[in-house]
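One-letter residues, chain by chain:
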Amino acid sequence: MAKVKNKRNSGLADKVHNKRKVDGVKKKLNPFEVHINREKIKVLGKKSKHDRGLPGVSRGKAIQKRKETLGTEMKLMNKTNAFIDRRIGEKNNQLSSEDRMIARFAAERARQHSKKDIYNLADDEILTHRGQTLEQIEKFDDPRSSDEDDDEGKKFGGLGDDFVSEGHFGGGILSKTEAKDGAKSHKDLIEQLIAESKKRKAEKQKEKEQTLDLTEKLDSEWKDLQPVVFKRPRIEEKESVIDKLLKQAEKKNEAYDKMMRELRFEKRGTPSDGLKSDEKQAKEERERLEKLEQERLQRMEGDDEVFAPRTQKPTPKHRSADDLDDNFDLEDEKEIMLAYDKDGKPLLPENVLKDYSVPNAKPKFEDGISDTSSDDDADDESEEDEEEEANDSGSEEDDDGEPNQNESLDKKDEKPNKINSTNDKQESTDESDDESDDNEEINDLKEEKGNTLKKQKSIELKKENKSEASKTKEKEVTNIPENKTKETSKANTIDKKEANGILIGDDEDESDDESGDGSDDGSEEDDEIESEKEGVDDLKDLKESEEESADEVDAEEETEKIGSFFDLKLAEGDNLKELLTGKTPSQQSAALQKLIKSYDPGLAVNNKELLSRLFAHMLQYVNDIFTDLKDEGDIIKAFLIFDKLAPHFYDLAQTNKVSTKKFLVELLKEKHDNYLKRPKRIPDLDTLIFFKLVSLIYPTSDFRHPVTTPSLIFMSEILSLSRFGDAFSISRGLFVTSLVLEYTILSKRLVPSAVNFLRGILYLCANTSILNPIQVVPPFKLHRDAKILNLEDDCSKMVVENKMAAKDFALGEIDDDFKIRCLNASMGLLKEFFDYFNEFEAQACLFEPHINLAGRIDLDLYPKKVRSKVSEIVNYMKSALEVKTFTPLTKEQKKVKALRLYEPDFQEVFTGSKSSKLSRENAERARLQTKYKREMKGALREIRRDKAYIASVKIRQKIHGDNMRKDKVKQIYKEASIQQGELNKLKRMK
Amino acid sequence: MAAVQQNLPKMVSAQLRNKANEFLNSRKYANNLADILQMFEAETDNYSPLLLTIEVIFTELLRRGDLIEEIVPLKPVDQSPEAEYTRWLRECYETALARALECVTRGRTNSRLQALVTCCKLLQAEGKHPLESSTGYFFPSVRLKNIFTVLLDSEQSMSAPIARFQEFTEYRDVQQYGLKVLSALAYRKSPTPTYMQNYLELLDKLLLTEIQFENKTKLKNRDNEEKEEKILCGSEDKVPFPYNPGVCRRYANRCWSFACQWPLCAEPRTHRRALLLLVERLMPLLTRPHLATDMLCDSLDAGGPISMLALQGVLELVRRHNINYPDMYDRLYAMFEPEMFATRYKKRLMHLADIFLSSTHLPESLVAAFAKRLSRLALVAAPGDAGALLQLVHNLLLRHPPLKRMLCREPDPTIMSSDPYVMEETCASRSRALGSSLWEVSLLRRHHVPAVCSEAARVLAAASERAQPVSMAPPEDAQLFDAELKKRFKTIEMNFIRPQGMTSPSGERVMQFWELMA
């Protein structure tokens, strides 16, 4: 069937259907028409709809139906015009005329009822009364215009009755005579009539005007009276006085009111999480840490995927057969996770970024600083170089050690002074608190709460300090974690500044300045140097003035310094040095904290970049304090400073992860290059300390990490390439080994070089003979440096510390004490490493040489404590290896996938329907699908039959047309032959 | 000190240049030459300016042909001043050459090298413009001989000059004549070790450019060859130098046969040098390589790096010359000791072992022993070496499928109380490695370097995979450290606990063993 062309045909089928219902008077069945369907299987109790049918009847019905629908449609096909009766119910036989009216009225109402205002019920509907709208009726017109009403009652245009009776229709004949007395002519009569009517009209007019005037007058009078009636007399009286007063008062209170209103209408604080109790907070914190720990563990196991994909190919994504080669570009299936670092720059490699337009994506840098950073880097590098030069020159002069020594001496002298001023301390804490409040971030509630406790603690500490002697004091203060001693340290800072700043500050600063200037000379213009020098001079002046007024000036100076810290890019490093030199570790920490806070990234845009530069300078500073350490005191001091600085490193790294990582990596690279120039010589502390720093900032357990992995490799290179033959190298080697241990403590990774190093140390300790050697692994060599750690004298009475100490770094000659502690420490380390691999079979072959070597050590010579410890560890290892079992490696058992088998489908409750097992949605879906299928089938059949019908109609039409044509032709022939006949007749006639 | 020194040579060289120019421009200043030659005696340290000057002067003179003495046979010596002058010039030339040669042994390294270069340049000039006018190709062998005599010093190591001489050995004629001269010089009864060292180094340098076998060159790219060959003393108008690889080969053989008579193996350094030379350069050239077998066998027994080097030679002999060597594999097995990591030739050893063990006819037990030993070594090796060793093990597993039983013992494995493998056993096939498993590799899965870790995983996965054995990676120059720095990371993870000081919150160990702040 063709597409429905006309809308008017669309409802046809329904109409016909309805009609059929109407005359649904059942005819009697013709028994010959009935066809009985044979039942194949008889099911008891089943009602069959299709047991009998009336094929003829139903076919007739169907044809009739088609005739009415398709047939009419065909008739109307390709015809544009049509008459349509759109009167409602006109064709419906069922409806009575009244019903029809009602239906039409309803339709009309419905039509009027627009959707625009469904709630406005009666507006657009005009109610009428007697054909007039209510509006019209209810209008209160001006009385003037209603004069017609008056006339209405009167007949004949207001003429008098006698006149009418006399004058109209020629008047009465009977009365005519009587009237003749007056002897009025007809003309007179008419004139009288006109005059009378005119007079009456004039009277009426006059009367009307009078009433009008009266009403108007009344109206105006009423208007005058109105205020008198309605106004309250009170107000009239008091208005003048009170109003004024009120207004004045209002004016006065305006501000207050305004404020009050503002307050009232101001948005109250948004509802937020209620204050958490300590427990809850602690719990949350714990949960957070647990989560992070989980992540860390994941990373540690980490890149197992690195090699997993090799064996298993990625499963191809399903593509349906329809979209094969349909020339559409498939979307890139690789999903990338777009993540941003803290600065809001996306953390993606640039090649990926190129493809996607990511907001904030800076073109080149993988780190967070802005585009200018390249310049900075160059500057920094040059600066570093300069500084290094300065250092070099310093080391050449060999005077470097002296100021430091002086300093320490001075410190010792000054210590008693510190104790004196507890009162000052109290004040100063207050002051510093105030100061810091401005800058301070909003601390955690917890911390604040704790602060009061800490204060108490610190006070107690101070008391203790008072009583105690000088040297132990510092130890204690510094040993307590920094957070706790925040207050004390602040207090101390200022005091110590008093002490140190004056005496040492000058010397040191001068030397520093000199070196700084010297380095600047090469690159900077003279002007700048001069200005800088002036600045320095100013600072010096300030320092001198400190002697008189201690605290405030100092604080001011510091803030000043901080304020101008980043003013000159080149001077930053020097600024930092200036800021930090001549202070105790805790003072330095406090100063740094202040500095960092005052450049909090939230405060200004480029603070982040500044802080990242500060990070670089701090690295340089740490490098400087760890270079060329000659004696124990310096080393301890350096470590103390580092201890205090470490948290700040962490903070800075947190604020700008990417650039700090870059700095650290560059530093490591530089150190590594330096090391590779002389791989036999172990790097000094100025390199090793950064490994420690890395372990503080970054997780060391990750399978792969941009910073920790290279540094671990670096360390293992150190341990496998350097030569260990003297105290210098052995102490540092042990330090590196313990760092390696720290790096791998969580991940329990194998670092062969560390294990080999311990083997070497044991070899050096052992009493080896040439005859029966035990193998060692390079860098150690058989018979080279052997026995340098071998104890020859009986030291069993010696009292020895448990741990290695800072002094070992400065040790020149190997002494017995060192030997003993070396053995002690390396056995401790060895045990830790040993425990890493408890579940591995190869542990045995890895550690057997160690045990053998340990057996060669003459333990009798060692102090009792050490002896027992060493033998305990050796026994532990031996017993662990003895009970070790060796399970041969097996392939990981793969689970065999069972073949799919057909199983009887038991249903607990048999419902008969297949879909009983399905969920509701699926059942619905299945139902609809079957319905659809059925309908589809039916529709197809219908269409087939429609086609057949159309074909039959067409052929009939064709036949009909042909017949008509034939008839017509016949007719023509007939007529023509008649004509011919006649013609012939005529001819014959002639 | 440096500033003063810098100015002086500048002045001196400027003066010298002036003098040389004057001398070359007119004969009036003939005495300048004498002066310059005199100055050699005054100088003690840095001869460079003087050497450059005489180089300039005599190259120019040779080019002009001023030194050519016309000798007419059967006539008395020409006594004309012209002839006298020429004769004087010749004398000066000889003196200058002698001076220059002396300078090779004296003074600063720079000036020594300069002296050598000057000698060679003069040699080149003389080759191009010979003293006796001739039309054919001429190579001043005598000069080369003089140079070699100096280079083969008995007392002083000439490594630096010989290394510099390398730039001249690229020339084919220098190579050919050099070998000839050297073979003539070589005969000597009891040379000092230094002499041997120098000799070997020189020979090494002379053989640096590969000497093609005749049959190969003739057939193949002959044209290209001729274009590529560089001739030191040739020039366009002369007959081209007749390069003959056969001759070169013969002379090289002669050189070696002389060297063979010396006690090469007395000193390890010389020994190494000789072996390296033999293995790297000479083996393909020798006419009777099996004569070197004795030496190689002795070296193989020496142990350490020497035996590693000898191994390559032996391999060559075994592969190319049908030599049967007993206990070859046991010797190879013995070389895999922790000490090997300290030697320079470990990469070579691993490469050789890969070749040796690539034969599929080897007994399982032997290969298993190797696999076990290699993985044991990988446990203590530096990361780079460990990776290479694991690669080797991987190849073994792929080439010898029966070894897979060391990775997956199929039906219910019995738990053992100890490792059946005997590390100390010297005989590889008796070490009972087949009964063992590669536990070491599974431990290496926990290596701290990710690359090694993944390599170990790959070895463990070798049990189930079928892949081509990978050829041993060429010695990588890129450091592991740098490679790790180049890796890209999506995120930079940080510690989640803020450190309060130097002690790290998660598992501090340094402070456990060190008392740093007191």
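Everything here concerns the structure above.
So, how was this worked out
- Residues numbered from 1 in each chain as written.
- Chains lettered and ligands numbered in written order.
- Predicted model: local features only at pLDDT ≥ 70, side-chain atom pairs only at ≥ 80, totals over all residues.
- Heavy atoms only, no water.
- Helix = DSSP H or I, 4+ residues; strand = E, 2+ residues; numbered from the N terminus.
- Buried < 20%, exposed > 50% of the residue type's maximum accessible area, 1.4 Å probe, protein only.
- Patch = residues over 30% accessible without salt bridge, like charges linked within 9 Å, V, L, I, M, F, W, Y side chains within 5 Å.
- Areas by Shrake-Rupley, 256 points an atom, 1.4 Å probe, with all protein chains shown as cover.
- Salt bridge = Lys/Arg side-chain N within 4 Å of Asp/Glu carboxyl O.
- Lys, Arg positive; Asp, Glu negative; His and termini not counted.
- Charge placed at Lys NZ, Arg CZ, Asp CG, Glu CD.
- 1 Å grid on protein atoms, 1.4 Å probe; cavity = no way out; pocket = protein on both sides within 12 Å on 5 of 7 lines; lining within 4 Å.
- Points joined across faces, edges and corners; volume = space filled by probe spheres on them.
- Nonpolar A, V, L, I, M, F, W, Y, C, P; charged D, E, K, R; others polar.
- Phe/Tyr/Trp six-rings, centres within 6.5 Å; stacked < 30°, edge-to-face > 60°.
- Lys NZ or Arg CZ within 6 Å of the ring centre and 35° of its normal.
- Contact = heavy atoms within 4.5 Å.
- Buried area = accessible area lost by both parts, 1.4 Å probe.

Trainee: Can you explain the overall build of chain B? Please cite residues and give values.
Mentor: Each helix and strand counted, chain B has 23 helices and one strand in total. Within chain B, the fraction of its 518 residues that count as buried is 51%.

Trainee: I'd like to hear about a positive patch on the surface, residue by residue, with values.
Mentor: Residues and elements named next belong to chain A. There is a patch of like positive charges on the surface, built from Arg59, Lys933, Lys937, Arg941, Arg944 and Arg945. When residues of the positive patch are assigned to their parent elements, the largest contribution, five residues, is made by helix α33 (residues 920-989). Topologically, Arg59 is positioned in helix α2 (residues 55-76).

Trainee: Please give an account of empty space enclosed by the protein that cites residues and values.
Mentor: Across all of its chains, the model carries eight cavities of 30 Å³ or more by this definition. Estimates place the volume of the second largest cavity at around 70 Å³. Lining the second largest cavity are Thr700(A), Asp702(A), Phe703(A), Thr708(A), Thr709(A), Leu712(A), Tyr743(A), Ser747(A), Arg749(A) and His448(B). No other element matches helix α27 (residues 708-721) of chain A, which puts three residues into the lining of the second largest cavity. Residue classes in the lining of the second largest cavity are distributed as three nonpolar, five polar and two charged.

Trainee: Explain the packing of aromatic side chains to me, using residue names and the numbers behind them.
Mentor: Inspection of the entire model under this criterion finds 25 aromatic pairs over all chains. With a centroid separation of 5.2 Å and an interplanar angle of 85°, the aromatic rings of Phe691(A) and Phe714(A) are classed as edge-to-face. Here Phe691(A), found in helix α26 (residues 685-697), pairs with Phe714(A), found in helix α27; they are 23 residues apart in sequence, far enough to count as distant. Classification of Phe714(A) as buried rests on a relative accessible area of 0%. Here Phe735(A) and Phe809(A) contribute two aromatic rings whose centre-to-centre distance is 5.3 Å and whose plane-to-plane angle is 85°, an arrangement assigned as edge-to-face. In this pair, Phe735(A) sits in helix α28 (residues 727-744) while Phe809(A) sits in the loop between β5 (804-805) and α30 (816-836), placing the two residues 74 residues apart along the sequence. An identical accessibility class is assigned to Phe735(A) and Phe809(A); each is buried. In textbook terms, an aromatic cluster arises when at least three aromatic residues are bridged by ring pairs, as seen for Phe833(A), Phe834(A), Tyr836(A), Phe837(A), Phe840(A), Phe847(A) and Tyr876(A). Against the face of Tyr333(B) rests Arg373(B), its NZ or CZ located 4.4 Å from the ring centre.

Trainee: Quick rundown of the interface of chain B and chain A? Include the residues and the values.
Mentor: Each partner contributes residues to the interface: chain B has 79 residues there, and chain A has 105 residues. A combined buried area of about 8400 Å² lies between chain B and chain A, and 67% of that area is made up of carbon and sulfur atoms. Sorting the residues of chain B by area buried against chain A places Arg446(B), Phe496(B) and Trp514(B) first, and these three jointly supply 10% of that buried surface. Our enumeration of links across chain B and chain A arrives at four salt bridges. In this structure, the salt-bridge partner of Glu515(B) is Lys803(A), at a minimum N-O distance of 3.9 Å.

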